Amino acid sequence: MPDRIPPRVKRIGRGPLRFSPEWLLISLLLTAAILFALHGRVLWRLDQVVYDLHLKLWSRPPSPDLVIVAIDTESLSQLGRWPWKRSRHADLIDTLTAAGARAIFMDILFVEADRESPDDDRRLAQAVADSGRVFLPVIIETLNGRLVETLPLPGLVEHAAGLGHVDIDLDPDGIARRVYLREGVGSAHWPSIGVAILEKLEPETVAQLPGLRNPSPSAAGAGVIVRDNHILLPFAGAPGHFPRVSYSDVLRGRVPADQFRNKIVLVGATAPGLGDLLPTPLSGYNRPMSGVEINANLIDALRQGIVIQSLATPAQIWLSGLVLVLTFLAFPLIKPGRALPMVGVLLLATVLASGLLLHWAQLWFPPTAILLGLLLGFPLWSWRRLVHNVHYFEQELERLREEPQVFSVSNAPMGISDGLEFQRKMLPLSGWTLFDADGEVMAQGGEALSRPAPRSPSPLGQFTCDDVSWIVIPRGDTQWLLGVSDGGQGVLGGRSLQLLSDYVMQYALTFRRERRGNLERVERQVRRVQSAIADLRSMRRLLSDILRQMVDGLIVIDLGGRIVLANEQAARFVGLESDRDLPGRDILRLAEGLEVRGDITPVDIFKQVLLEEGATSFEGRTRQGGEVLVQVSPLSAVDAHFSGAIIILSDITLLKESERQRSQTLNFLSHDLRSPLTSMISMLEIQRAGVTDYSRDELSERIEGYARKALALADDFLRLARAEAIDSSGFSEVDLASLAHNALDGVYAEAREKSITLVRRFGPETAWIRGDAGLLERALINLLENAIRYSPPGSEVVLRLDCSGGVVNCRVIDQGQGIAPRDQEVIFAPFRQIRSGPIKGEKGTGLGLAFVQVVARKHRGSITVQSQVDAGTEFCLTLPFDDESGSRTEEGGESQ
C-alpha cells in the first residue's frame, strides 16, 4: 500500500471558529470598551437603578428604642409659624429629660443669637445644660466663597453632650444614598451625628468605623472639605417607617412619658416646606424622607452593624472583566441551542449574586457592566456564527455542485423527452404532449393529442379529461402540463400512470424562484441547503433501496475490521435477524462462523486485501449449511481519506447443487447407461468371432437383458426430467385411490415372481385431488417396486391410504432389511443406491425415489421415510386436497 498521510479529523460547523483569533480579538475589544465605560462612570446611573430595586426589596423592622418627635403640619397649625421661640424648644428638652430619654438629638440649627428674646437663648442653654444628653448638629456651608463649619451657639456647644455633622451626600441624580461617617474642613474631624450619639451611648458599636477610607483624611489644606468612612445607607423602610409623635402632642402632655424612657429621641422637621426633605431610593421624588428620619436610619444601621460598602472600582473592573472574558470564550464551546439559555441564566445569576452580596454581606457590586456585556456579546457572537455558517454553507454547496449527481436530471424540455419516449414504448402510450403554463407545446411524441391543454388545470397532481390523462408538474412560480393518451385502449391507469407520474415529478421545482433583492442572503442559503438536503435524502433512499433489493449480501468494514455498513441479505448469511445487528461487529469474529474451503484463513484474506490492495474470492459454507461465494475487494475513498474493504456474499447453494446433479448426470450417461450398451456390443463381437461358449438363445437372452436395463435407465431418466418440467397449471382432478389400485396391478407380476403378497388397506374408497395422473401413478409404482425389490420372498408389501387434516397419505410398508439412519438423509438424491437386494445383482437405477420426491414437490406434497435396520421400511407420500375440489372421499376397506 502506498504511503499516505493520516487524515486529520475536523469538526464541521463549529470547529474552524472555535477560539479563532478573530473572536478572541472581538471579545477583548468588547470587554475593554465595557470596562472603560465602567471606569468612566458611564454606567453609573444604570447601576443605581439596580441598586434602588434591590434596596426596595430589603426591609427590616425599626429599632424599638428610636423615636422621632416630628415638627409636622399639625404642630405648625397649633403652635404657630416657624421659627418658634427657643424657650419652647427648652420646654421640649425638659419634658423629654423628665420622661427619661436616653439621648435627645435636636435636628435644628441654633447658630444665631435671638436678639429680640435673649432670655430664650439663656433658657435653651440652661435646658441643654440641665439635660446633659442633648446632641446638636454641625453644618458645613459656603460663606463668601469659602467653606466654613457652622456650629451652634457657644452656650449650647459648651453644655451639649455631643456634636456631629448632618451632611447627607446627594448623588448626581439627586437621590440620598450615601453618607460619610466623618468629615470636616481641612480634616475629617467631625463624626456623623449618629456616630456622635453612639460614641456617647454605645462606644463599642463604633469603635471601628466601617466604610471606604480616604487615603489622606487630614492632608488637605484649609478651605477644603475632607471626608472619610464612606458608606451606602441601608434604609430600613419607606418614609414613616420609624415611630413618630407630634411635637405639639409632646408639649401638651398627650404622649405618655413611658414612650420616651431609655430611648433615643430625634427631634426634627417633617412638614413640607421646611426644606429638610430629601428623595431616597425607597421614597423617590414623590415622597421624600425627612433629614431626621435619615439620621434615624443611620443610627439603626450602625447599631445593628448593617452598613453597605461599595466594592472598590479596581475590584469591580477585574471581576466584571473576568466574568465577561470567560463567558465570551465559552460561546464557541457550547451548542447554539444552549447559548441563549446560558446567557439568560448568567443574567439572572448576576442580578441575584449582586442582590445576595448586598443583603447578606452588605457589599454592593454594580452588575450593569456584566449585564450589558452579556446583552451585547450574545448578539455579536450570534452574528459572527451566522456569518460563519453562511460562509460554510456556501462552501459546502459549492462542493456539492462539483460532485457527481445521483440523478442526472435536466430542467430543459429535451431532458424529459427521451424519458417520455421510453415510457411510451413500455406502457404503451399512443402519444404525449408537454405544455408550458401558457398552453404552448414544449415537446411531444407519438400521436398528437386530440385536444389542447385545459385553460384551468386542476391543482391536483393528476386528473383525467375525456380520454386524455393530465399530470401537473410544479415549476416554482409556474407549472408544466403533460397530457398522455393510450389511444382509447384503457390500459393507462393505476400502476402505469403512477410510473409515469414518478418519472416526470423528478423535473418538479417545489420552491419558488428567488427574486433578486427579495430575500435575505441567509434565507436564500437556507433554501439552497434544503434543496441539497432533499438531494442527499434521495441519494440515501436510493442507496438504501439498492442495498435492500440486492440478491447478494454486502458488508463494508473499516481499517479496524469493524462493520460500518451491511444489508439484510448479509445478516441472513451470518445467521442474524436484522442488518441493524451487524454495524460495530468484528469481522474476524463473524468470519468464525464461516467454513472456508482450502488452507486460507480469514486473516490471510484480509491481509491480502488491505496490505496488497488486491481483490480475492473464496468459497465457504455457513452454519445454516448454505454454500456462499465470498468476494473481498479494497475500498478507498480518496476525498474522504477512508479505507477499508467491501465484502460481497453470494448464495451459490443452488449452483453447487446443480453442478453436483450435472456431474451425477454425466456419470449416469458415461457409466450406468453406457455399461449395458457396451456389454451388448461386446457380446455381439464375441459372437462374430465365434469364440463364445454360449448358445444362440443364451446369447440373445443376455443381450436382451442388457437392452432392457438400458431402456429402464433411459425411461427413469426421462420420467425424472418430465417430472421436473411439469407445470401445475395443467393439473386436473384425479382419484388417488384409483391410481393406487392401478399401481398395485402394475407390480402384481413382479410381486408374484418373488411370492410377495400385496395388501391393500384403503381408508377412503375415493380420494380426489388435483394433479397429473401419470406422474402420481408412476410414483406409487416406484415405491411399490422399491419395496418388492428389497423385500425377502414370501413377505408382505402393504399399500395404505388414509386421510387426515386436509391431506391424503399413501404409505408403502415392506418387511425388508431396512435403511440405516445415516442413509435416510440422502436416499432421495438422484443416482443414490443405498440398499442392495437379497438376491445378488438385484438393484435399481438410483432414480426412482428421486422421481417420487420431485412428483411430491410439484404437487405441493412431501415424501418421508421411517425405517429401522432389519425391521422393514415405510415410505409415506403426503398430498394435499385441492381447495376447490375439497376432500371428496368415500370409505373403503382392506383386500389382497
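Residues numbered from 1 in each chain as written. Predicted model: local features only at pLDDT ≥ 70, side-chain atom pairs only at ≥ 80, totals over all residues. Heavy atoms only, no water.

Quick word on the overall build of the chain
Secondary structure assignment for the chain yields 26 helices and 35 strands. Buried positions account for 43% of the 896 residues belonging to the chain. For the chain, contacts bridging at least 24 residues in sequence account for 69% of all contacts bridging at least 6. Taken as a whole, the chain presents about 48000 Å² of accessible surface, with 53% of it coming from carbon and sulfur. (Helix = DSSP H or I, 4+ residues; strand = E, 2+ residues; numbered from the N terminus. Buried < 20%, exposed > 50% of the residue type's maximum accessible area, 1.4 Å probe, protein only. Contact = heavy atoms within 4.5 Å. Areas by Shrake-Rupley, 256 points an atom, 1.4 Å probe, with all protein chains shown as cover.)

Examining the packing of helix 1 (residues 21-39) against helix 10 (residues 313-330)
Packing of helix 1 against helix 10 brings their axes to within 10 Å, and their N-to-C directions diverge by 155 degrees. For the element pair helix 1 / helix 10, the angle class is roughly antiparallel. Note on packing geometry: the crossing formed by helix 1 with helix 10 is right-handed. Across the interface between the two elements, Trp23, Leu24, Ser27, Leu28, Leu30, Thr31, Ile34, Leu35, Leu38 and His39 of helix 1 pack against Thr313, Gln316, Ile317, Ser320, Gly321, Leu324, Val325, Phe328 and Leu329 of helix 10. Its residues assigned to classes, the contact of helix 1 with helix 10 shows twelve nonpolar, seven polar and no charged. (Axes fitted to C-alpha atoms, helices over the stretch in contact; angles between N-to-C directions. Parallel < 35°, antiparallel > 145°, perpendicular 65-115°, else oblique. Left-handed = near helix turned anticlockwise from the far one by under 90°. Nonpolar A, V, L, I, M, F, W, Y, C, P; charged D, E, K, R; others polar.)

Considering the nonpolar core
Among the nonpolar cores identified, the biggest contains 45 residues, and Leu736 and Phe875 are the most heavily contacted of them. A per-element tally of this core places helix 24 (residues 773-789) first, with nine residues. One finds Leu55, Ile264, Leu266 and Leu282 within the second-largest nonpolar core, a separate group that totals 44 residues. (Core = buried A, V, L, I, M, F, W, Y, C linked by side-chain atoms within 4.5 Å.)

Considering the packing of aromatic side chains
Tallying each qualifying case throughout the model produces ten aromatic pairs. The interplanar angle of 70 degrees and the centroid separation of 6.4 Å between the aromatic rings of tryptophan 23 and phenylalanine 328 together place this pair among those described as edge-to-face. Taken as a pair, tryptophan 23 in helix 1 and phenylalanine 328 in helix 10 lie far apart in primary sequence, 305 residues in all. Residues tryptophan 23 and phenylalanine 328 agree in their burial class; the two are buried. (Phe/Tyr/Trp six-rings, centres within 6.5 Å; stacked < 30°, edge-to-face > 60°.)

Re the pairing of strand 17 (residues 441-446)
As defined by bridge partners, strand 16 (residues 431-435) adjoins strand 17 across five bridges and the pair is classed as antiparallel. Looking at strand 17, one finds that tryptophan 432 is bridged to glycine 445. In this antiparallel pair of consecutive strands, strand 16 and strand 17, the connection spans five residues, and glycine 439 shows a positive phi of 85 degrees. (Pairing = 2+ DSSP bridges.)

Quick notes on the sheet that holds strand 18 (residues 462-465)
The strand order across the open sheet built from five strands is 17-16-20-19-18, with neighbouring strands paired in antiparallel fashion. Because the sheet does not close on itself, it has two edges, and the strands there are strand 17 and strand 18. On average, adjacent strands in this sheet sit at an angle of 20 degrees to one another, irrespective of strand direction. Across seven bridges, the pairing between strand 19 (residues 468-475) and strand 20 (residues 478-485) is antiparallel. Bridge pairing links serine 469 to valine 484 in strand 20. Here helix 14 (residues 495-504) sits on the sheet and contacts strand 18, strand 19 and strand 20; the angle it forms with strand 19, its principal contact strand, is near 25 degrees.

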